[in-house]
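Each chain is listed here by its residues.
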Amino acid sequence: MAVFDTMRRLMNFAFGRRKSLPAYQTEEERDGLRAACRFNAQLLDFLRDHVKEGVTTNELDALAHHYTVEHGHIPACLGYRGYPKSICTSVNECVCHGIPNDRELQSGDIVNVDCTTIVDGWYGDSSETFLIGETSDDAKRITQASFDALWLAIRAIEPYSSVLEIGLAIARFARDQNIGVVENFQGHGIGRMFHQEPGIPHFPVKKSRRDILEPGVCFTIEPMLNIGSGATTSPLDDGWTVLTADGTLSAQFEHQILMTELGPEVLTLTQNGPQEGHKF
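The structure contained in this document is the topic of the report that follows. Treat the numbers as computed from the prediction; the structure is a model and nothing was measured. Residue positions within a chain follow its written sequence, with the count starting from 1. Local features in this predicted model are restricted to residues whose pLDDT is 70 or higher, and side-chain atom pairs enter the listing and the counts only when it is 80 or higher, whereas totals over whole chains, interfaces and linings include all residues. To obtain the side-chain values, all non-hydrogen atoms of the structure were included, while hydrogens and water were left out.

A few words now on the overall build of the protein chain. In DSSP terms, a helix is any run of H or I states spanning at least four residues, a strand is any run of E spanning at least two, and both are numbered starting from the N terminus. A tally of helices and strands in the protein chain yields five helices and 14 strands. Taken over the C-alpha atoms alone, the protein chain extends approximately 55 × 45 × 35 Å along its principal axes. For the exposure calls, accessible area comes from a 1.4 Å probe over protein chains only, and a residue counts as buried if that area is under 20% of its type's maximum, exposed if over 50%, partly exposed in between. Taken over 280 residues, the protein chain has a buried fraction of 55%. Any two residues whose heavy atoms approach within 4.5 Å at even a single point are treated as in contact. For the protein chain, the share of sequence-separated contacts (at least 6 apart) that also reach a separation of at least 24 residues comes to 72%. Using a 1.4 Å probe, accessible areas were evaluated by the Shrake-Rupley method; residue-level cover was limited to the displayed protein chains. Of the roughly 12,300 Å² of accessible surface on the protein chain, a fraction of 51% belongs to carbon and sulfur atoms.

This part is about helix H4 (residues 137-155). Each α-helix winds once per 3.6 residues, and so residues spaced three or four apart point in a common direction. The end-to-end C-alpha distance of H4 is 27 Å, a good match for the 27 Å that 19 residues give at a rise of 1.5 Å each. What H4 keeps buried is the set Ala 139, Ile 142, Thr 143, Gln 144, Ala 145, Ser 146, Phe 147, Ala 149, Leu 150, Trp 151, Ala 153 and Ile 154. Helix span, expected: 1.5 Å multiplied by one less than the number of residues in the helix.

In this analysis, strands are considered paired if DSSP registers two or more bridges between them. Bridge analysis of strand S13 (residues 255-260) against strand S14 (residues 263-266) gives four bridges, and the strand direction is antiparallel. From the neighbouring strand, Ile 257 faces S14, where its bridge partner is Val 266. Count of turn residues in the S13/S14 antiparallel hairpin: two residues.

We now examine helix H5 (residues 164-177). Under the 1.5 Å per step criterion, the end-to-end length of H5 is 20 Å for 14 residues, consistent within 8% with the ideal 20 Å. Regarding H5, the residues found buried are Leu 164, Ile 166, Gly 167, Ala 169, Ile 170, Phe 173 and Ala 174. Elements in contact with the buried residues of H5: H4, strand S6 (180-181), strand S8 (196-200), strand S9 (218-221) and strand S10 (224-226). Asn 178, located one to two residues past H5, shows a positive phi value of around 60°.

A few words on the packing of H4 against H5. As a rule, the C-alpha atoms of each element are fitted with a line to give its axis, helices using only the stretch in contact, and angles between N-to-C directions run from 0 to 180 degrees. Contact pair H4 / H5: the axes reach a minimum separation of 9 Å and the direction vectors enclose 150°. Classified by the interaxial angle, the pair formed by H4 and H5 is roughly antiparallel. Remark: the crossing between H4 and H5 carries right-handed chirality. Taken together, the residues of H5 that come into contact with H4 (itself represented by Arg 141, Ala 145, Asp 148, Ala 149, Leu 152 and Ala 153) are Ile 166, Ala 169, Ile 170, Phe 173 and Gln 177. Nonpolar residues are Ala, Val, Leu, Ile, Met, Phe, Trp, Tyr, Cys and Pro. Charged residues are Asp, Glu, Lys and Arg, and all others, Gly as well, are polar. Residue classes in the contact of H4 with H5 are distributed as eight nonpolar, one polar and two charged. For this classification, under 35 degrees means roughly parallel, over 145 means roughly antiparallel, 65 to 115 means roughly perpendicular, and everything else is oblique. Crossings are sorted by hand: turned counterclockwise from the far helix by less than a right angle, the near helix makes the crossing left-handed, and turned clockwise it makes it right-handed.

What follows deals with the packing of helix H2 (residues 27-48) against helix H3 (residues 57-70). It is the contact of H2 with H3, at a shortest axis distance of 10 Å, that shows an interaxial angle of 140°. It follows that H2 is oblique to H3 by the angle criterion. Note that H2 runs across H3; the crossing there is right-handed. Contacts from Phe 39, Gln 42, Leu 43, Phe 46 and Leu 47 of H2 reach H3 at Leu 60, Leu 63, Ala 64, Tyr 67 and Thr 68. Taken together, the residues of the contact of H2 with H3 sort by class into eight nonpolar, two polar and no charged.

Another aspect to go through is the side chain of Gln 144. Positionally, Gln 144 belongs in helix H4. Dropping the residues within four chain positions of it, Gln 144 is found in contact with His 278, Lys 279 and Phe 280.

What follows deals with the packing of aromatic side chains. When the centres of two rings from Phe, Tyr and Trp lie within 6.5 Å, Trp using its six-membered ring, the rings pair. Their planes under 30 degrees apart give stacked, over 60 give edge-to-face, and anything left gives tilted. Scanning all chains against the criterion turns up nine aromatic pairs. Ring geometry for Phe 147 versus Phe 280: centroids 5.4 Å apart, planes at 85°, classification edge-to-face. Placement of the pair is Phe 147 in helix H4 and Phe 280 in the segment after S14, with a sequence separation of 133 residues. The exposure class assigned to Phe 147 is buried, which follows from its relative accessible area of 2%. Plain terms: the ring middles of Phe 253 and Phe 280 are 5.6 Å apart, the flat faces sit at 45° to each other, and that makes the pair tilted. Remark: Phe 280 occurs in the segment after S14 and Phe 253 occurs in the loop between strand S12 (250-252) and S13; sequence separation between them is 27 residues.

Below, the structure written as structure tokens:
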């Protein structure tokens, strides 16, 4: 293993100067990350039974806020750069950062629920796309594709992989599925800060080969895939909501990953949500 790791390091250094990435090496630090992610997964499981036809996304936001505060933790999104709610809820053609409102979820909708929690100073961040009632084949297809792309990316990496391998795995899959990858939003490093290095593009970016996933680095993978092209609108007048440029459906799943000496540890696995290999 030591020889293999050394070879991987030398190969990655050969591509260019490596960035210095935040790495959490002590067990206390890693346990702090695990605790935050465990609660965030618990929050998604709590919301799961409420994400259904006739419920408004404002109601989901209120439930999430109350549950988080009741457990002594902090909703990370609330007030972040002026964001007005505790979760993001992105419905149908909304790619990301949808602000909860009074529109009721309807049969046929898909909705991504994105939660981030601060637990004792550590951040946990994950999201799922939910199918509401009877949905179209396109809705099922893009939801399945986003879920599968996430897991393909996770399985494409190991200690001392470069971030580039994540983008390659997702882009190849999306090309084979004839669907679009959103390129102007990406995953991110996370720990005691919400967003930090490394950036995690979901398509190949040459400079990301310099970002080496050494043991201790923590980050999110959160591919946003569209039935049509990967193009998006600029944020709407609310400053946050981003839509597909062609009005087609978009779906996203997100996990927070800790790279360990043995490989990627998925920190945000839920008890009741879809697991690797799930079919929608």
